[in-house]
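So you can see what is in the structure, the chains are spelled out below.
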Amino acid sequence: MNISIQNLNKVYDNGKHALNDINLEIESGMFGLLGPNGAGKSTLMRILVTLMKPSNGKVLVNEMDLGKSRGEIREMLGYLPQDFRFFTKLRTWEFLDYAARLSGLKNKKARLQKVDLWLEKVGLFDVRERNAGKLSGGMKRRLGIAQALIGDPKILVVDEPTTGLDPEERIRFRNIMSDISSKDAIIILSTHIVGDISSICQGMALLDEGNLSFNGSPEELIDKARGHVWRINTSGTEYDILKHKYPVISTIPTDAGWDVQFVADSVTDINATEIEPTLEHAYVYFMEYLSNKN
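Residues numbered from 1 in each chain as written. Predicted model: local features only at pLDDT ≥ 70, side-chain atom pairs only at ≥ 80, totals over all residues. Heavy atoms only, no water.

As a rule of thumb, nonpolar side chains are buried together in soluble globular proteins. Among the nonpolar cores identified, the biggest contains 65 residues, and Trp118, Met177, Leu206 and Phe262 are the most heavily contacted of them. The leading source of residues in this core is helix H10 (residues 279-290), at seven residues. By size, the runner-up hydrophobic cluster in this structure holds 30 residues, among which are Ile3, Leu8, Val59 and Val61. (Core = buried A, V, L, I, M, F, W, Y, C linked by side-chain atoms within 4.5 Å. Buried < 20%, exposed > 50% of the residue type's maximum accessible area, 1.4 Å probe, protein only. Helix = DSSP H or I, 4+ residues; strand = E, 2+ residues; numbered from the N terminus.)

A few words now on the sheet that holds strand E14 (residues 273-274). Taking strand neighbours across the sheet as the criterion, the four strands line up as E12-E13-E11-E14 in an open arrangement whose pairing is antiparallel. Where the open sheet ends on each side, the last strands, each with one partner, are strand E12 (248-254) and E14. Relative to E14, strand E11 (residues 229-234) runs antiparallel, the two being bridged by two bridges. Bridge pairing links Arg231 to Thr273 in E14. Relative to the sheet, helix H9 (residues 236-245) contacts E11, E12 and strand E13 (257-263), its axis offset from that of E13 by approximately 15°. (Pairing = 2+ DSSP bridges. Contact = heavy atoms within 4.5 Å. Axes fitted to C-alpha atoms, helices over the stretch in contact; angles between N-to-C directions.)

This next bit is on helix H8 (residues 218-225). Among all positions of H8, only Pro218, Leu221, Ile222 and Ala225 are buried. Along the axis of H8, the buried positions cluster into a sector of 100°, meaning they face one direction only. (Arc of directions from axis to C-beta.)

Glancing now at the packing of aromatic side chains. Taken as a whole and judged by the stated rule, the model has three aromatic pairs. Aromatic side chains Phe214 and Phe286 sit 5.7 Å apart centroid to centroid with 70° between the ring planes, which places their arrangement in the edge-to-face category. Placement of Phe214 in strand E10 (residues 211-216) and of Phe286 in helix H10 is noted, with a sequence separation of 72 residues between them. Phe286 matches Phe214 in its accessibility class, with the two residues each being buried. (Phe/Tyr/Trp six-rings, centres within 6.5 Å; stacked < 30°, edge-to-face > 60°.)

Fair warning: the whole summary comes from geometry, so function is off the table for now.
Pasting the structure below:
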């Protein structure tokens, strides 16, 4: 599978440029989208799932033009929006059965078997008879994941999929995604939880104010931050000065004050120790420093 995004632009009626000349090549596997609120991530995803048309530019899916082959491409798609909604009066299994019928599963026996299979995979089989509207927030999110996957999509687009999931549920989700991405499918994951991308995505992109700031692997982004992530144990007064001068990643209280991690091009005025960056460090460093230089 391949998605080729070419000179894609989206300008809203109010004149806001949501996307500016986006060029991306996305291959089979997990692909992560990172960026602050308003960066254009949701706009890009809505275009990819045919819910919105671009102002200009084009998207090719296996060389099929999205603008000309919307029907064929929709049959390949699964989508989980951030504001996933459903018919609250349906029981859990009934809603998933409805989603399965929409995805084209006509045979009732095979469809119900698949419904039970996915309820088991996302940990909802024991509550299959419960009214969907009475599920907990995490359970509703898992139901959304199941409805996006039950049609065996070749392209899965998910927006903040692990919001509301506890650590065990998040691991379950990552395992499901890894299994799907091994079957010549594309999974596009938009999230603010950097750990979701660092653990399962082979490629990633950063969007900022509608512009593509970075496109590569998580390891390549981490490399850009190497030598620019620092740690210091500091008192309250010194911490107040530090946090106004440098982007702070984490602050942990200690007996002596604070254990602080921050990013900077260089540090000469305080006695800080350089540490190995994570993807979260790299993301903050890139957005605070490098993206402004590109």
